[in-house]
Amino acid sequence: MLELSRLSVSFDRVVLQDVCFTLGDGQVAAIIGESGSGKTTLLYALGLISSNKAYQYRLNGVEVDTANDRQKAFVRKTQIGYVFQDNNLNDALTVGENIAFAIRASCREAEEGEVEQLLDYVRLPGRANAWPGSLSGGERQRLAIACALAKKPDLLLADEPTSALDGTNAGMIMDILERVAHQEGKMVVIATHNPDIYAHADCIYKIEQGCGQMISNQQDAEDTPGEKPGLQDKKGGRGKGLKGSFFARYAWVAGRRNRLGKQLMLVLCALAIAMGTLSFFYGNNVGDEQAKFVNEISNREIFLVNRTVPNAANDYSQYDLHIASDQADQFGGLLGITAAYPYYILPGWGAVIDEKGKVAMSEDTVFSIAKQGVTPYQVAIPDPEGNLTINPDIGSANDQFVALPWVPQQKLDAKLKYSLENQHKPGGVYLSAPMAYWLGIEEGDRDVMLTWDALVPVCVFHSKLERRNDKEQVIQYPIDLYYHKKITVTLPISGVLRNDVRNDTCYTEYGENCIYIPYDQLQGYMTLAARDFTIPKQCKPLGTSAYLIYAQDLASVNDVMEKLQRIDQNYVLTNKYQDLQRMEMSIRNTRQAMMIVSGVILIVLFVMMTIIFCNYVSHRKFEIALLKANGLTKGEICRVMLTEAALQAGFTCVYAFVLTGILWLVSRRIGLFAEVGITLTPVAIPIIMGICALAIALPTLFTVFKVNAYEPDRILRN
């Protein structure tokens, strides 16, 4: 038995005012009235799909809380069947699949032969494999009744079921509805303005001026004998909820509708994702390549000297104090340092110690130069005649010189002005441009050999240096003076450095006339000089007061310098010829700019997909309203749409992977982005999957939540 009372509904006017309605089992009730009188509004209230929540409702003796959405959804799902005016069949399913789908929507599985029995019941035998589009109007309406009966409802509601049918089909529909009520013991309510239906109704309920009045009742309303089940135990506990297969099946069926348009939409979405992904990796590669390039061209070399004498120049000095071994051992363990070289030079002048331990200052250095087919000649530095003639192209005088070690990190091979062909090239040295000028070395010379008496450090003399401070006080500072041994060195010349390569490694006070000797070879000369050499009593073993240190990358130079400074405050650290902050800022700005471009593409993608999917889901709000009318809760509606979104995201993801690969191959084939290139890494997989999921799920959720906020009656009215 159905009992409704205290129903009042108002829109721009009062539609229903304190209406009551009662219907017994096995009865057919007709709700009549003029158009707009409130027939459909009352029908929605009887079907628990009304937005009005302030009325009383009892079904089979159990009161339903009209303000409880979950309880109403359960009753709609298991006890109420709806036949809408437009029959609302799923044209993507066959006739039999429509009925089977309706059975699953009521939280149960179809029994054997149940679909065929329902088709026979509505006079559509053998039509299970037909498509709804092939049915006539009357046949579609009978199929809609079969779908409503598939949930085995106690209450069947029909909204203008015969309005678009001829007399014959209308008669067939009414015969079926009468049989449902009179033979099956169900309650049937029909909203209609067709007078032919009145004769089939057991009771007629007329709505006029907001009031409802029973004008005909051929049978008293009473319960059919037998105990009616309650809400919690009805039909084997069907209220446990829909199975996952229902949502997957619904998503698959929904995807079959307008398949071409949907696939095109997904392909366009995938194309945008592919372009956004490639732009992201391109931007990342640009930043990496620029950082790599800057690291290659930048000077990551840090020159460290142990300066004990204040106000001295930041170069290698004969007065620097040697670095203690325990401090030097810490250099290699600092994070960010890739190499640390003890720094020694072979100066052009200095204190020389002979085999007897006597010390004297070195004389002028004389170089002997031999070229292929040319008689060797000699050059003295400084000039014996005291001339300090300056080369106008180079700007350096020949008053002094120095032999310096060079290490692989300095990449002098890439800084050559010209190379010299030399059969003795292994072990060859480079000359600075000023040194080559004063020695008379020219481009095109071959097999050039250079011989001179080199001063090789062998020990040090610890002393003190006196200086006056600002207050004219004499202050003593500890210093270490190098003592050298003179050995004759003959080296092949392999090349001359560019004019601008003057001070890259010349951290000394000995000028710009430089001979660059490979570090290992210079170490060999020092080993040779120390052989059979006895350190005088007044001297100490050889140490170093300077180090060449190389940072891991440009960004770590300042950090390494700070760490070194904390070891000893006397350290003077130099990193020449670059603006670290500007270089780092340039790399950071480039990377950020490319990331912004990628971000803009993805934002445009999300906006585009939000508009497309919001429009797509909004056009399906009538479908969502029908799902609600058939008992799906708001949560189940969300799950339906998200399952469909997950399926679409899967297709989009596959398309995005394919398009990303194609665009990447095409870009490589035609040489696009050739200077930097696009390197795809495994991280592209989760990026594409994440973007696909968000691009589809977020707008879908947003729209579903928006549609879910409306009660079905508000959507069905429009």
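Residues numbered from 1 in each chain as written. Predicted model: local features only at pLDDT ≥ 70, side-chain atom pairs only at ≥ 80, totals over all residues. Heavy atoms only, no water.

Draft legend 1. Expanded view of the confidence of the model for the protein. Mean pLDDT over the protein stands at 82; residues scoring 70 or higher make up 86%. Under a pLDDT of 50 for its full length, residues 220–239 has, in the predicted model, 38 contacts with residues more than four places off or in other chains. (pLDDT = per-residue confidence, 0-100. Contact = heavy atoms within 4.5 Å.)

Draft legend 2. Representation of the nonpolar core in the model. Ranked by size, the top nonpolar core spans 40 residues in total, and within it Phe21, Leu42, Tyr57 and Val189 carry the most contacts. Excluding anything up to four places from it in sequence, Phe21 contacts Leu2, Glu3, Leu4, Ala29, Ile31, Leu42, Leu46, Val189 and Tyr205. Grouped together as the second largest cluster of nonpolar side chains are 39 residues, Ile369, Phe401, Tyr525 and Cys539 included. (Core = buried A, V, L, I, M, F, W, Y, C linked by side-chain atoms within 4.5 Å. Buried < 20%, exposed > 50% of the residue type's maximum accessible area, 1.4 Å probe, protein only.)

Draft legend 3. Geometry of the pairing of strand β3 (residues 28–32). Along β3, five of the five residues are buried, which leaves the element largely enclosed by surrounding structure. In β3, alternate side chains face the same way, and those of Val28, Ala30 and Ile32 on one face and Ala29 and Ile31 on the other are all buried. As paired elements, β3 and strand β9 (residues 203–208) share four bridges and run parallel to each other. Note on β9: the bridge partner recorded for Ala29 is Cys203. (Helix = DSSP H or I, 4+ residues; strand = E, 2+ residues; numbered from the N terminus. Pairing = 2+ DSSP bridges.)

Draft legend 4. Representation of the sheet that holds strand β5 (residues 62–63) in the model. Judged by pairing direction, the sheet is antiparallel, and its four strands sit side by side in the order β2-β1-β4-β5 without closing on themselves. If you trace the sheet from one side to the other, it starts and ends with β2 (14–23) and β5, each paired once. As paired elements, strand β1 (residues 2–10) and β2 share six bridges and run antiparallel to each other. Among the inter-strand pairings, Leu4 is bridged to a residue of β2, identified as Phe21. Most of the contacts of helix α1 (residues 39–46) go to β1, to which it runs at about 130 degrees, and overall it touches β1, β2 and β4 (56–59). (Axes fitted to C-alpha atoms, helices over the stretch in contact; angles between N-to-C directions.)

Draft legend 5. The arrangement of the packing of aromatic side chains in detail. Taken as a whole and assessed by the stated rule, the structure comprises 17 aromatic pairs. On the basis of an interplanar angle of 70 degrees and a centroid distance of 6.1 Å, the ring pair of Phe331 and Tyr571 is categorised as edge-to-face. Taken as a pair, Phe331 in helix α9 (residues 325–331) and Tyr571 in strand β26 (residues 571–574) lie far apart in primary sequence, 240 residues in all. By relative accessible area, which is 0% here, Phe331 ends up buried. Classification of Tyr571 as buried rests on a relative accessible area of 2%. Ring geometry for Phe401 versus Trp452: centroids 6.4 Å apart, planes at 85 degrees, classification edge-to-face. A residue pair is termed long-range when its members are at least 10 positions apart, and Phe401 in the loop between β17 (374–381) and β18 (402–406) and Trp452 in strand β21 (residues 449–468) qualify at 51 residues. Look at Trp452 and you get buried, because its relative accessible area is 2%. Grouped by ring-pair contacts, the aromatic residues Phe101, Phe246 and Phe247 constitute a single cluster. (Phe/Tyr/Trp six-rings, centres within 6.5 Å; stacked < 30°, edge-to-face > 60°.)

Draft legend 6. Geometry of the side chain of Asp568. Along the chain, Asp568 turns up in the loop between α12 (557–567) and β26. Buried and unpaired, Asp568 has Arg307 as its nearest opposite-charge partner, separated by 12 Å. A polar contact of 2.8 Å, which involves the side chain of Asp568, links it to the backbone nitrogen of Asn570. (Lys, Arg positive; Asp, Glu negative; His and termini not counted. Salt bridge = Lys/Arg side-chain N within 4 Å of Asp/Glu carboxyl O. Polar contact = N/O pair within 3.5 Å; in protein donor to acceptor, adjacent residues only side chain to side chain.)

Draft legend 7. Region of the structure containing the packing of helix α14 (residues 621–629) against helix α15 (residues 634–669). Running from amino to carboxyl end, α14 crosses α15 at an angle of 135 degrees, the nearest separation of the two axes being 10 Å. Regarding the angle of α14 to α15, the classification is oblique. Considering how the two elements wind past one another, α14 and α15 form a crossing that is right-handed. Here Ile624, Leu627 and Lys628 of α14 lie close against α15, whose contacting residues are Lys634, Ile637 and Val640. Across the contact of α14 with α15, the residue classes break down as four nonpolar, no polar and two charged. (Parallel < 35°, antiparallel > 145°, perpendicular 65-115°, else oblique. Left-handed = near helix turned anticlockwise from the far one by under 90°. Nonpolar A, V, L, I, M, F, W, Y, C, P; charged D, E, K, R; others polar.)

Draft legend 8. Expanded view of the side chain of Asp154. Topologically, Asp154 is positioned in the loop between α5 (137–149) and β7 (155–159). Taking the relative accessible area as the measure of exposure, Asp154 reaches 10% and is therefore buried. Among the polar contacts listed, one links the side chain of Asp154 to the side chain of Asn60, at a separation of 3.0 Å.

Draft legend 9. Seen up close, the sheet that holds β26. The strand order across the open sheet built from four strands is β12-β25-β11-β26, with neighbouring strands paired in antiparallel fashion. Looking at strand neighbours, the two that pair on one side only are β12 (337–342) and β26, the edges of this open sheet. In this sheet, adjacent strand axes meet at a mean angle of 20 degrees when their direction is disregarded. Sheet topology places β12 next to strand β25 (residues 546–551); five bridges connect them, and they run antiparallel. Following the sheet pairing, Ala340 is matched in β25 by Ile549. Where α12 meets the sheet, it contacts β11 (301–306), β12, β25 and β26, and its direction lies at approximately 170 degrees from that of β26.

Draft legend 10. Here's a closer look at unusual backbone geometry. Its identity is not glycine, yet Leu48 carries a phi of approximately 60 degrees, on the positive side. With respect to the helices and strands, Leu48 occurs in the loop between α1 and β4. Its identity as a non-glycine residue notwithstanding, Arg123 has a phi of 65 degrees, on the positive side. Take Arg123: it is sitting in the loop between α4 (114–121) and α5.

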